[in-house]
Amino acid sequence: MKDKRIQIFDTTLRDGEQVPGSKLNTSEKLTIASHLDGLGVDVIEAGFPVSSPGDFEAVYEISKIVKNATVCGLTRAVEKDIDIAADALKLSSRPRIHTGIGTSEYHINFKLNSTQDEVKERAFRAVKYAKRYVEDVEFYAEDAGRTENQYLAEVCELAIKAGATVLNIPDTTGYCLPQQYGEKIKYLMENVKGIEKAILSTHCHNDLGMATANSITGVMNGAQQIECTINGIGERAGNTSLEEVVMIMSQHKHLGLETGVVTNKLYKTSRLVSEFMHMPVQPNKAIVGSNAFAHSSGIHQDGMIKNRSTYEIIDPEDVGVDKSTIVLTARSGRAALKYRLNQLGFSLAKNEIDVAYHFFLKHADKKKTIDNNDLVKIMDECKEKAV
Ligand code: KIV
Ligand code: ZN
């Protein structure tokens, strides 16, 4: 059976850019957008046009240069927002308006000071209004993660009646457990009348570290789009990390899910976003962290040298990383030392390795990692000892 194609909706430039202290200028946004287009994402959420002249300009300029992806602009369920988003998107060959409203009791009672019926009415009107401008309208039910399923289904049904092509089910506060979120998507797939006219989208935040797990459970239960950001950046603990969900689908072929992402461009895109946003990537970050393909303990290094598959499930080249690294530390063994010395052109017999290892440990106990210069020094010390 053919794999099901999951749409990748990148919101690095909108939800990702909401990260405190990491403002991008238009030229940086354009560079990132063109990389995202080359990466093969399906949708680029370029900004929230009504929020500032800078965001309007970014969405307008990005709409002109993006060749393949749909370009999307966010709005509230407010006519003025939708007018401005439509204007910012007018030069896009594939424009999408993303409009919506809070649906949880927290949002309805405390933020909107409204009622469930009024919210349903506003959702319907916003989608209908956006349809005047574009065919492709995505509706978001903000805080869907904490919205009771039956009411959420009623809102989704109305959004479809008004013409929504995509229904975004955000776990805005990152509250849901993977099973809960999966069940929510399943419930909507089974209970929303007209669901075949639209697709469901996941939009998970990482407050409890479950954004990736929730998104994957969402698509396993019928959602067809994942909203995510490069490096998982975003408000608070961030959004779902694009590189993680893409590689999970590519590693677990049995899920029968595929994306159009060119995975060997992931690392480069990650570094670009990190540099522009002045946000270093944590070393142990899955897929793109500097330690993701580095091996430092003796047991692991020995296995890696024998066969990469002993300790790596991904070929680093598949995500654009040159190669795995064997890092020499005081935890490394003779196999790793021999391997690294070989790479430097020293080929040693077993008794010579024993001597070199003795000097190596002396250095390694003082220094965190042993580099090539240290190895040359160690070889000099071995020679002196031999004289
Ligand atoms: O997290 C969220 O609910 C959002 C919506 C505005 C889509 O970012
Ligand atoms: Zn969000």
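The paragraphs below set out a description of the structure included in this document. (Residues numbered from 1 in each chain as written. Chains lettered and ligands numbered in written order. Predicted model: local features only at pLDDT ≥ 70, side-chain atom pairs only at ≥ 80, totals over all residues. Heavy atoms only, no water.)

**Comments concerning the sheet that holds strand β4 (residues 70–74)**
One closed barrel holds the eight strands; their spatial order is β2-β3-β4-β5-β6-β7-β8-β9, and the pairing between them is parallel. This sheet shows a mean twist of 25 degrees between the axes of neighbouring strands, independent of strand direction. Each of β5 (95–102) and β6 (136–142) is contacted by helix α5 (residues 116–131), which is oriented at about 170 degrees to β5, the strand it contacts most. Each of β6 and β7 (166–171) touches helix α6 (residues 149–162); the most contacted strand, β7, lies at about 150 degrees to it. (Pairing = 2+ DSSP bridges. Helix = DSSP H or I, 4+ residues; strand = E, 2+ residues; numbered from the N terminus. Axes fitted to C-alpha atoms, helices over the stretch in contact; angles between N-to-C directions. Contact = heavy atoms within 4.5 Å.)

**A few points about helix α1 (residues 26–39)**
For α1, built from 14 residues, the straight-helix expectation of 20 Å at 1.5 Å per residue is met to within 8% by its first-to-last C-alpha distance of 20 Å. Along α1, the positions that sit buried rather than exposed are T26, E28, K29, I32, A33, L36, D37 and L39. Along its buried surface, α1 packs onto β2 (7–10), β3 (43–47), α2 (53–65), α9 (242–251) and α10 (266–277). The N-capping residue of α1, defined by a side-chain oxygen 3.2 Å from the backbone nitrogen of S27, is N25. Two residues or fewer after α1 comes G40, characterised by a positive phi angle close to 95 degrees. (Expected span 1.5 Å × (residues − 1). Buried < 20%, exposed > 50% of the residue type's maximum accessible area, 1.4 Å probe, protein only. Polar contact = N/O pair within 3.5 Å; in protein donor to acceptor, adjacent residues only side chain to side chain.)

**Focus: the packing of aromatic side chains**
One pass over the full model with this rule turns up three aromatic pairs. Where F56 meets Y60, the ring centres are 6.3 Å apart and the plane angle is 10 degrees; that geometry is what we call stacked. One end of the pair is F56 and the other is Y60, both in helix α2 and four residues apart, which spans about a single turn. On the basis of relative accessibility, which here comes to 24%, the residue Y60 falls in the partly exposed class. Look at Y357 and F360: their rings are 5.7 Å apart centre to centre, the planes differ by 25 degrees, and that puts the pair in the stacked class. (Phe/Tyr/Trp six-rings, centres within 6.5 Å; stacked < 30°, edge-to-face > 60°.)

**Brief notes about the site of ligand 1**
The local shell around ligand 1 consists of R14, D15, H98, Y140, E142, N168, P170, T172, H203 and H205. Interatomic distance of 2.9 Å between a side-chain N/O atom of R14 and an oxygen atom of ligand 1. One of the side-chain nitrogen or oxygen atoms of H205 is found 3.0 Å away from an oxygen atom of ligand 1. Considered on its own, ligand 1 offers 260 Å² of accessible surface; in the complex 93% of this is hidden by protein. Placement of ligand 1 is best described as lying within the largest pocket. Counting only elements with at least two residues in the shell around ligand 1, the list comes to β6 and β7. Its residues assigned to classes, the shell around ligand 1 comprises two nonpolar, five polar and three charged. (Near = heavy atom within 4 Å. Areas by Shrake-Rupley, 256 points an atom, 1.4 Å probe, with all protein chains shown as cover. 1 Å grid on protein atoms, 1.4 Å probe; cavity = no way out; pocket = protein on both sides within 12 Å on 5 of 7 lines; lining within 4 Å. Sits in = over half its atoms within 2 Å of the grid points. Nonpolar A, V, L, I, M, F, W, Y, C, P; charged D, E, K, R; others polar.)

**Observations regarding the coordination of the zinc ion (ligand 2)**
The protein atoms donating to the zinc ion (ligand 2) are D15 (OD), H203 (NE2) and H205 (NE2), with metal-donor distances spanning 2.0 to 2.1 Å. For the zinc ion (ligand 2), the single-chain donor residues occur in sequence as D-x187-H-x1-H. A residue pair is termed long-range when its members are at least 10 positions apart, and D15 in the loop between β2 and α1 and H205 in the loop between β8 (199–204) and α8 (211–220) qualify at 190 residues. By relative accessible area, which is 5% here, H205 ends up buried. (Donors = N, O, S within 2.8 Å, 3.2 Å for Na, K, Ca; no water.)

**Notes on the packing of α6 against helix α7 (residues 178–191)**
Orientation of α6 relative to α7, taken along the N-to-C sense of each, is 50 degrees, at an axis distance of 10 Å. Here α6 is positioned oblique relative to α7, judged by the angle of their axes. Classified by chirality, the crossing of α7 by α6 is right-handed. Of the residues in α7, those in contact with N149, Q150, L152, A153, C156 and E157 of α6 are K184, Y187, L188 and N191. The residue makeup of the contact of α6 with α7, split by class, is five nonpolar, three polar and two charged. (Parallel < 35°, antiparallel > 145°, perpendicular 65-115°, else oblique. Left-handed = near helix turned anticlockwise from the far one by under 90°.)

**A look at the pairing of β2**
Direction of pairing for β2 relative to strand β9 (residues 225–228): parallel, over a ladder of four bridges. Looking at β9, one finds that D10 is bridged to C228. Both β2 and β3 contribute to a ladder of two bridges, which runs parallel. Its bridge partner lying in β3, F9 is registered against V43. Crossover β2 to β3 through α1 is right-handed. (Right-handed = clockwise from strand over helix to strand, strands pointing away.)

**What about the pattern of salt bridges?**
For the structure shown, the criterion picks out 29 salt bridges. With a closest N to O distance of 3.9 Å, E17 and K29 form a salt bridge. Of this pair, E17 sits in the loop between β2 and α1 while K29 sits in helix α1, and the two are 12 residues apart along the sequence. K29 matches E17 in its accessibility class, with the two residues each being buried. (Salt bridge = Lys/Arg side-chain N within 4 Å of Asp/Glu carboxyl O.)

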